[in-house]
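Each chain, letter by letter, is given below.
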Amino acid sequence: MRNCLVLDILYPRRCAICDGVLPFGEKGCHKTCKQTIQYIGATVCCKCGKPVKEEEEYCQDCKMRPHAFDQARALYPYRYVRLSIYRYKYGGRKEYGAFFGREMAEYFENYIKRIHPDALIPVPLHRKRKRKRGFNQAEILAEEIGKILQIPVWKKTVFRVKNTKPMKNVEGNARQNNLKKAFKIRGNDVKLKTIILIDDIYTTGATVDTIAALLKTAGAEKIFVLALSCGT
């Protein structure tokens, strides 16, 4: 306990929204920043969870192509948390993950309970990228959600064997080609029926589609996706 207090003094916690120093003993984000957070509303695509107009049932992307996952939902519009996610992934702000995970657990608690998943599976990073970054951002989110809602987190079920280009640098159909043979299942089958994949950003769904198809081939029946943010 004493060591934690010393660390808080030497390395004060940062607000996950504005990155300012938090008052001593405070965690997550400033109270004022908390009030400014923008969430994705209730009017979303029935499949992927992207915001749509009230009269629309599906977004344009989901109208044009099927997905391997059963349903996806996201917490924030990406444009509002873009800088926070960048600092989280590339700026050494690993501590943001606990706050974001708590946010996801609180916001999606009822949704998750309706799904009744057997496990959460974070989207894996290639070992080289994880070594360079020091952590897997989706893993931290999954661990926090799992801890709060008492759901097992299976971190070793899916692994990435191909160090793909960052998806933000790949467009259109090239995303699918970029992910070919990128993931593998550990073992011959998956002894889970209902799974929730956890990721930080959902854009086209190419990554989670690839993993969902792989898991279903291995025996899973239902694959849902929860993302911290959703791009358009």
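All values derive from a computational prediction rather than experimental measurement.

Novice: Teacher, can you tell me more about the state of the cysteines here?
Specialist: Two cysteines whose sulfur atoms are joined by a covalent bond form what is called a disulfide. Under the defined criterion, the tally for this structure stands at zero disulfides. Residue C15 stays outside any disulfide, its sulfur separated by 3.7 Å from that of C18, the closest cysteine. Using a relative accessible area of 0% as the deciding quantity, one classes C15 as buried. The closest cysteine sulfur to the non-disulfide-bonded C46 is located on C45, 6.3 Å from its own sulfur.

Novice: I would appreciate a short explanation of the sheet that holds strand β1 (residues 71-77) in the present structure.
Specialist: Strand pairing in a sheet relies on backbone hydrogen bonds, with the paired strands running either antiparallel or parallel. Strand order in this open sheet of four strands is β1-β6-β5-β2, and the pairing throughout is parallel. The sheet terminates laterally at β1 and β2 (119-122), the two strands that pair on one side only. Sheet twist, expressed as the mean angle between neighbouring strand axes with direction ignored, is 20°. Packed on one face of the sheet, helix α5 (residues 96-115) meets β1, β5 (194-202) and β6 (222-230) and runs near 150° to β1. Relative to β5, helix α7 (residues 137-149) is tilted by about 130°, and along the sheet it contacts β2, β5 and β6.

Novice: I would appreciate a short explanation of the pairing of β6 in the present structure.
Specialist: Moving residue by residue along a regular strand, the side chains alternate between the two faces of the sheet. The element β6 is extensively covered by neighbouring structure, given that eight of its nine residues are classed as buried. Pairing analysis gives six bridges linking β1 to β6, with the strands arranged parallel. Note on β6: the bridge partner recorded for Y76 is S229. After leaving β5, the chain enters helix α9 (residues 206-217) and then returns to the sheet as β6, a path that is right-handed.

So, how was this worked out
Residues numbered from 1 in each chain as written. Predicted model: local features only at pLDDT ≥ 70, side-chain atom pairs only at ≥ 80, totals over all residues. Heavy atoms only, no water. Disulfide = S-S within 2.5 Å. Buried < 20%, exposed > 50% of the residue type's maximum accessible area, 1.4 Å probe, protein only. Pairing = 2+ DSSP bridges. Helix = DSSP H or I, 4+ residues; strand = E, 2+ residues; numbered from the N terminus. Axes fitted to C-alpha atoms, helices over the stretch in contact; angles between N-to-C directions. Contact = heavy atoms within 4.5 Å. Right-handed = clockwise from strand over helix to strand, strands pointing away.

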